[in-house]
Amino acid sequence: EKLIDRLSRNEYSDTKVDCRGLGPELGKAGMLEKFCRAMLLNTRSVKLDLKGCVISDDGCRALATFLLSNRNCNLEWIDLAENSIHRRGAKALFSGVEKCKSLRYLD
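Quick notes on the rules
Residues numbered from 1 in each chain as written. Predicted model: local features only at pLDDT ≥ 70, side-chain atom pairs only at ≥ 80, totals over all residues. Heavy atoms only, no water. Helix = DSSP H or I, 4+ residues; strand = E, 2+ residues; numbered from the N terminus. Buried < 20%, exposed > 50% of the residue type's maximum accessible area, 1.4 Å probe, protein only. Disulfide = S-S within 2.5 Å. Arc of directions from axis to C-beta. Contact = heavy atoms within 4.5 Å.

## Section: unusual backbone geometry
The phi dihedral of V54 falls on the positive side, at around 60 degrees, and the residue is not glycine. The backbone of E82 shows a phi angle near 60 degrees, a positive value even though the residue is not glycine. The topology assignment puts E82 in the loop between β3 (77-79) and α5 (87-97). A residue is classified by how much of its surface remains accessible, and E82, at 62% relative accessible area, is exposed.

Here is the structure:
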């Protein structure tokens, strides 16, 4: 919750948002959506590390919505390794990734 608060107030000054320690917390219903809404307000971060954060296909849909609604997306790097993403989630995520022109790395 502290990270989400800092992101939503645009007080997070690091260029990399490291969520690896939040694992199961982000996997809870509604938490990833809340995180994505906070990321919309963050203008500094270009890297998003969600490795091993228990993200499912539903979480991928939330990330896709974030990427699609963020016209000024400045993310260059997203790590989604070691999550529970299957075909449906990957398909949803791809629709958002297409719109984020700054994205150079996706794992």
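So, next bit.
## A closer look at the state of the cysteines
Under the defined criterion, the tally for this structure stands at 1 disulfide. A sulfur-sulfur separation of 2.4 Å characterises the disulfide bridge that pairs C73 with C100. For the disulfide bridge between C73 and C100, the dihedral angle about the S-S bond is near -65 degrees, and by the sign convention the bridge is left-handed. Here C73, found in the loop between α4 (57-69) and β3, pairs with C100, found in the loop between α5 and β4 (105-106); they are 27 residues apart in sequence, far enough to count as distant. When its relative accessible area of 12% is taken as the criterion, C73 is described as buried.

## Describing helix α3 (residues 31-40)
Burial in α3 covers these residues: M31, L32, F35, C36, A38 and M39. Each buried residue of α3 sits inside an arc of 160 degrees when the element is viewed along its axis, so together they form one side. In this structure, the buried side of α3 is in contact with α1 (2-8), β1 (16-18), α2 (23-27), β2 (47-49) and α4.

Geometric descriptors of this kind do not, in isolation, establish any biological role.
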